[in-house]
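Fold and contact review
For reference, the chains in residue letters:
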Amino acid sequence: MSAEHSTPNTPPTVKDGANSGETELIHFDKVTKRFGTHTVLDALDMKVYAGKHVTLIGPSGSGKTTILRLMMTLLKPDEGTIRLGDRYLTHEEKGGKLVPASDRYSREIRKNIGMVFQQFNLFPNMKVLRNITEAPVHVLGLDKDAAEERARELLELVGLTAHLDKYPTQLSGGQQQRVAIARALAMRPQVLLLDEVTSALDPELVAGVLDLLRDIAHSTDITMLCVTHEMNFARDVSDCVMMFDAGRVIEFGPPEQIFTEPENERTREFLSAVL
């Protein structure tokens, strides 16, 4: 694997240098996002190729979660564009011009992206099985029986087959997060976004969820963008680690390089504080 280092005109790129036939899947092109007068992302350029696992690290407020929320179209960039494959996320082409995307367009493109949040976000009034089948049936138009078959396979994957008739409140935090992971995978997304998925868990539950995500990363070809403070997990699953500070990528590369011999002083300071 290789992560191409950037110059002022070259975005960070995560790809496999041995394979010239791979597909560019995610492209942030000079994306800026502001909240009031505060710039959270500052003209971000970033490319990720299909099947790669990228971990975003850095201090709180450096823009990492904002990237995921932009990918989910929960936020829209103030400047710049984001593409998923050959389609724009928050814009669409009309009459040869880029215009803000309609809600219908955004819903359609968002089908290709799954996200697992910090706080699980399960439907409390639905049992586990329906939590997983709801979106495939109503968003993808999947037959109910086919959706349930897929859900049962995923529950087996996450080790929760015995809990499919329970409500979320009857599960531990770790079990709820496993259901959330299964629910995201049920949509068969091209990209899986992981936003500090263990931060709301009791310490004894963290290892099980991280082991599950390791298995998914190593056994599937899904593209992953992960925000985490679990550095050992980042080292294990990542093709590339990107260090963010003040809305910019200040260093990136293979995990062994970033964690063993970081070049940027700010990266060294951050890692010494969290490791």
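In every chain, residue numbers begin from 1 and rise along the written sequence. pLDDT decides what is reported in this predicted model: residues at 70 or higher carry local features, side-chain atom pairs at 80 or more are listed and counted, and totals for whole chains, interfaces and linings draw on all residues regardless. Hydrogens and waters are ignored; side-chain quantities use all the structure's heavy atoms.

1. Remarks on the environment of Gln 190
Stated formally: Strands are runs of DSSP state E lasting at least 2 residues, helices are runs of H or I lasting at least 4, and numbering of each runs from the N terminus. Residues are treated as being in contact if the distance between any of their heavy atoms lies within 4.5 Å.
One can find Gln 190 in the loop between helix 5 (173–186) and strand 11 (191–195). The residues touching Gln 190, leaving out its near neighbours within four places in the chain, are Leu 25, Leu 84, Asn 112, Ile 222 and Thr 223.

2. Focus: the packing of aromatic side chains
The line we're drawing: Ring geometry is summarised as follows: Phe, Tyr and Trp rings, the Trp one being its six-membered ring, pair when their centres sit within 6.5 Å, and such pairs are stacked at plane angles under 30 degrees, edge-to-face over 60 and tilted between the two. The rule for a charge over a ring is simple: NZ of Lys or CZ of Arg within 6 Å of the ring centre, and within 35 degrees of the ring normal.
Within the structure shown, the criterion is met by zero aromatic pairs. For the cation-ring pair, Arg 183 lies above Phe 123, with the distance from its terminal atom to the ring centre recorded as 5.6 Å.

3. What about the nonpolar core?
Heads up, the rule is: Put simply, buried Ala, Val, Leu, Ile, Met, Phe, Trp, Tyr and Cys residues joined by side-chain atoms within 4.5 Å make one nonpolar core. Note on exposure labels: buried denotes an accessible area under 20% of the residue type's maximum, exposed denotes more than 50%, and partly exposed covers the range between, all computed with a 1.4 Å probe on protein chains only.
Val 116, Ile 132, Leu 155, Ile 181, Leu 192, Leu 194 and Leu 213 are the most contacted members of the largest nonpolar core, which has 36 residues in total. Contributions of two or more residues to this core are made by helix 3 (128–138), helix 4 (144–157), helix 5, strand 11, helix 6 (203–219), strand 12 (223–227) and helix 7 (231–237). The residues contacting Val 116, other than those within four sequence positions of it, are Gln 177, Ala 180, Ile 181, Ala 184, Leu 192, Leu 193, Leu 194, Asp 195 and Val 197. Core analysis: the second largest hydrophobic core is formed by 34 residues, Leu 68, Leu 70, Ile 113 and Met 115 among them.

4. Quick notes on unusual backbone geometry
Glycine aside, residues mostly have negative phi, and peptide bonds are mostly found in the trans state. For Phe 120, which is not glycine, the phi torsion reads 75 degrees and is therefore positive. Using a relative accessible area of 10% as the deciding quantity, one classes Phe 120 as buried. Positive phi, close to 45 degrees, is recorded for Glu 196, a residue that is not glycine. You can see Glu 196 is positioned in the loop between strand 11 and helix 6. The class of Glu 196 is buried, set by a relative accessible area of 10%.

5. A few points about the UniProt feature "domain: ABC transporter" (unreviewed entry) in the chain
Rules: UniProt positions are given in the numbering used here, feature names are shortened, and annotations may be inferred rather than shown by experiment.
Feature annotation in UniProt places "domain: ABC transporter" (unreviewed entry) on residues 26–271, given in this structure's numbering. For residues 26–271, helix accounts for 37% and strand for 28%, while the C-alpha atoms at its two ends are 27 Å apart.

6. A short note on a negative patch on the surface
This is how it is decided: Two joining distances apply to patches: 9 Å for like charges and 5 Å for nonpolar side chains (Val, Leu, Ile, Met, Phe, Trp, Tyr), and every residue must have over 30% relative accessible area and no salt bridge. Residue burial considers only the protein chains on display, and all accessible areas are found by Shrake-Rupley using a 1.4 Å probe. Each salt bridge in this description consists of a side-chain nitrogen of Lys or Arg and a carboxyl oxygen of Asp or Glu lying within 4 Å of one another. The positive count covers Lys and Arg only, the negative count covers Asp and Glu only, and His and the chain ends enter neither. All charge positions are set by atom: Lys at NZ, Arg at CZ, Asp at CG, Glu at CD.
Together, Asp 143, Asp 145, Glu 149, Glu 153 and Glu 156 give the surface a local cluster of negative charge. Examined against the element boundaries, Glu 149 turns out to sit in helix 4.

7. Side note on helix 9 (residues 265–274)
Test applied: Read the arc as the range of directions from the helix axis to the C-beta atoms. Under this definition, polar contacts are N or O atom pairs within 3.5 Å; protein pairs additionally need one hydrogen-donor-capable and one acceptor-capable atom, and for neighbouring residues in sequence, both atoms have to be side-chain atoms.
Within the span of helix 9, buried status applies to Thr 267, Phe 270 and Leu 271. For helix 9, the buried positions fall inside an angular range of 95 degrees around the axis, keeping them on one side. Turned more than 90 degrees off the buried face of helix 9, the exposed positions are Ser 272 and Ala 273. Those residues of helix 9 that are buried are in contact with strand 5 (53–57), helix 7, strand 13 (240–245), strand 14 (248–253) and helix 8 (255–260). Structurally, the start of helix 9 carries an N-cap: the backbone nitrogen of Arg 266 is 2.7 Å from a side-chain oxygen of Asn 264.

8. Looking at the pattern of salt bridges
Within the structure shown, the criterion is met by twelve salt bridges. Salt-bridge contacts for Arg 130 lead to Glu 134; the nearest nitrogen and oxygen are separated by 3.1 Å. Of this pair, Arg 130 and Glu 134 both sit in helix 3, four residues apart, roughly one helical turn. Here Arg 130 falls in the partly exposed class, since its relative accessible area comes to 44%. Arg 268 is the partner of Glu 265 in a salt bridge, and the nearest nitrogen-oxygen pair spans 2.7 Å. One end of the pair, Glu 265, and the other, Arg 268, are both in helix 9, three residues apart, so they sit about a helical turn from each other. Accessibility expressed as a relative area gives 35% for Arg 268, which makes it partly exposed.

9. Topic: the environment of Leu 44
Position of Leu 44 relative to the elements: it lies in strand 4 (residues 38–49). The spatial distance from the C-alpha of Leu 44 to the C-alpha of Val 249 is 7.6 Å, given a sequence separation of 205 residues. Dropping the residues within four chain positions of it, Leu 44 is found in contact with Phe 28, Asp 29, Lys 30, Val 31, Ile 67, Phe 244 and Val 249.

10. Overview of the pairing of strand 6 (residues 79–84)
The criterion, for reference: The pairing criterion is simple: DSSP has to find at least two bridges between the two strands.
Direction of pairing for strand 3 (residues 24–35) relative to strand 6: antiparallel, over a ladder of five bridges. Bridge pairing links Phe 28 to Ile 82 in strand 6. Pairing of strand 6 with strand 7 (residues 87–88) involves two bridges; the strand directions are antiparallel. Residue Leu 84 lies in a different strand from strand 7, and its bridge partner there is Arg 87. Joining the antiparallel neighbours strand 6 and strand 7 is a turn of two residues, in which Gly 85 adopts a positive phi near 65 degrees.

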